[in-house]
Amino acid sequence: MNRSKSSWDKKAPYHPATRVTRSSSSQARHRNPAEFQDCEPSPYGKQRKRQTDSALAQDLSQMSVSAADVLTTSKGKMSKGSAHPVQTGQSPSAAKSSSRGGLASVARLVKLGRCKNVLVVAGAGISTASGIPDFRTPGTGLYANLEKYNLPYPEAIFNIDYFSNDPQPFFSLAKALYPGRHRPNYIHYFIRMLNHKGLLLRMYTQNIDGLEKLCGIPDEKLVEAHGSFATASCHLCYTAYPAEEAEQAIMNDNIPICTFCAATVKPDVVFFGEDLPQKYFLHTEDFPKADLLIIMGTSLQIEPFASLVNTVRSNVPRLLLNRHAVGPFEKVTLRKRDHMELGDLEDTVRRFAEMLGWNSEIEELMRSQETESILTLISCPLSVTAQTNCHSRGAPEPQCRMETSILRPGTQRAASSGSEETDSETDSKSSASSTPSN
Ligand code: CNA
């Protein structure tokens, strides 16, 4: 790889972030929200815990720790756990406690107007229908396909020290995950419809594929808890770097380097041990307010995100939509108002939408979005420059160009706040939404 410098003067420090970082125990206890308030922003912008060699060695030693073991993350850092996380599967006990008819019960509550502050907590499973592999599904998951990178253990791909020594594995993965190569699917549009109906309090996603924004979920309704490709910065001094230049370098197998300290620049995707974005702290306001929590497509293995699901009030219904039971839904005794619907997520969400009477509206929304894409394709010449212009007007990238075109992450925002009518604008039109439709 060559090293490429940005021409952009990037001395401006990155915005401060409090210290909640990524870890991996699904069993770790979530910190009391009050603790978050004590966190001081870094005087030098984004703080990242420097993981030393010994920390890396410790990480390696945790490889043998089962995902079911408790790894308390007192500092709430995002960090990896077992390198080969146990595929939780649906345990017999979970199967027994699986709430039959749960989907219908929750649909009924929504139709009765009892759920007006819905939180969605999501993971990679909502994007597999868009052709993006998740992490842990055996065979197809990204972790199962990392041998070619010769990593000491799969999650090293998101280890900041490993990245510091060799960014190539992460950059190879980034090339596949950069937004713009995939289209949102029915599940994304279902969440957008929740917002359109005025019911979405917030969506918390672990995904970095940008499909939530691309389908039109407004920025203020979205927390990208594990960061995104929309911005980039130096992994050492955190100096901001133009995201488009970082993307171009990575796509051309070059290494973007910081013009301030010459270290490697990376997209602001949160690595293990790194701080979560400031916006993540909205959870301290949101979760106590929620009247329905929908958990979809996540193995709930990464902290502190995973424990969010335990912070809604105990009388609030929680609905898990996943292939198998995860997190608190693996317990023999579920909360009284816990429901889960196991199976393929897209099928489940379609059935849910049908129960709510929203299916045709969602399909119409998807059709109109596709039509907009086709019109954009017709109106824009097939040059890379023109594609960039198209994107900067907020049009989603046509699928047929996914292999060759470069969608600039910064323009993703435009997709949800530009030419397209966003749900912030349409919410007022759908105040009747929380009224039962049937
Ligand atoms: P994960 O650990 O791979 O878990 C995904 C979960 O979704 C698993 O429980 C699967 O069984 C389930 N699942 C997958 N496909 C389906 C389906 N079609 N129907 C029903 N259930 C399904 O991923 P998590 O999100 O829990 O882990 C968090 C990581 C994954 C975050 O740090 C992300 O950055 C990272 N990631 C993101 C993407 C993306 O942005 N699309 C892709 C891969 C990994």
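See the structure printed just above.
In what follows, the accompanying structure is described. Throughout, residues of each chain are indexed from 1 in the direction in which the sequence is written. Since the coordinates come from a predicted model, pLDDT governs what is reported: local features require at least 70, and pairs of side-chain atoms require 80 or more to be given and counted, while whole-chain, interface and lining totals use all residues. Side-chain metrics rest on all non-hydrogen atoms present in the structure, leaving aside hydrogens and water.

## A short note on the overall build of the chain
Across its full length, the chain carries 15 helices and eleven strands. Exposure categories follow from relative accessible area, calculated using a 1.4 Å probe and restricted to protein chains: below 20% of the type maximum is buried, above 50% is exposed, and the middle band is partly exposed. Among the 438 residues that make up the chain, the fraction classed as buried is 61%. Only the protein chains shown count as cover for residues, and all accessible areas are computed by the Shrake-Rupley method using a 1.4 Å probe. When the accessible surface of the chain is summed, it comes to about 17500 Å², and 52% of that surface belongs to carbon and sulfur atoms. A run of DSSP states H or I qualifies as a helix once it reaches four residues; a run of E qualifies as a strand once it reaches two. Both are numbered from the N-terminal end.

## Some remarks on the packing of aromatic side chains
Two measures describe an aromatic ring pair: the distance that separates the ring centres and the angle between the ring planes. What counts as a ring pair is set by centres within 6.5 Å for rings of Phe, Tyr and Trp (its six-membered ring), and what kind of pair is set by the plane angle: stacked under 30 degrees, edge-to-face over 60, tilted for all other angles. The final tally for this structure, using the stated rule, is 14 aromatic pairs. Note on Tyr-204 and Phe-287: the rings are 5.3 Å apart at their centroids and 65° apart in plane angle, and the pair reads as edge-to-face. Taken as a pair, Tyr-204 in strand β3 (residues 200-205) and Phe-287 in helix α10 (residues 283-289) lie far apart in primary sequence, 83 residues in all. As far as the burial class goes, Tyr-204 and Phe-287 line up, both buried. These aromatic residues form a ring-pair network of at least three members: Phe-135, Phe-158, Phe-163, Phe-170, Phe-171, Phe-271 and Phe-272. Against the face of Phe-271 rests Lys-266, its NZ or CZ located 4.3 Å from the ring centre. Any Lys NZ or Arg CZ that is within 6 Å of a ring centre and within 35 degrees of that ring's normal is treated as a charge sitting over the ring. When the ring centre of Tyr-186 is taken as reference, the NZ or CZ atom of Arg-350 above it lies at 4.0 Å.

## Thoughts on the sheet that holds strand β4 (residues 222-224)
In space, the six strands of this open sheet follow the order β4-β3-β2-β9-β10-β11, with parallel pairing throughout. Among the strands making up the open sheet, the edge pair consists of β4 and β11 (338-342). Sheet twist, expressed as the mean angle between neighbouring strand axes with direction ignored, is 15°. Strand pairing is assigned whenever DSSP detects at least two bridges linking the two strands. Taken together, the three bridges between β3 and β4 define a ladder with parallel strand orientation. Looking at the pairing, Thr-205 lines up with Glu-224 of β4. Two residues qualify as a contact provided that any one of their heavy atoms is within 4.5 Å of a heavy atom in the partner residue. Axes, fitted as lines to C-alpha atoms, cover a helix only where it is in contact. Angles between the N-to-C directions of the axes lie from 0 to 180 degrees. Each of β9 (292-296), β10 (318-322) and β11 touches helix α4 (residues 102-111); the most contacted strand, β11, lies at about 125° to it. Strands β2 (118-122), β3 and β9 of the sheet are contacted by helix α7 (residues 186-196), whose axis makes an angle of about 150° with β3.

## Points about the pattern of salt bridges
Criterion for a salt bridge: a side-chain nitrogen of Lys or Arg within 4 Å of a carboxyl oxygen of Asp or Glu. Applying the stated rule across the entire model yields twelve salt bridges. Between Glu-274 and Lys-266 there is a salt bridge; the shortest N-O distance is 3.2 Å. In this structure, Glu-274 and Lys-266 share a single accessibility class: buried. A salt bridge links Glu-364 to Arg-367; the shortest N-O distance between them is 3.1 Å. One end of the pair is Glu-364 and the other is Arg-367, both in helix α12 (residues 359-379) and three residues apart, which spans about a single turn. Given a relative accessible area of 42%, Glu-364 falls into the partly exposed group. Via salt bridges that share partners, Lys-213, Asp-219 and Glu-224 belong to a single interconnected network.

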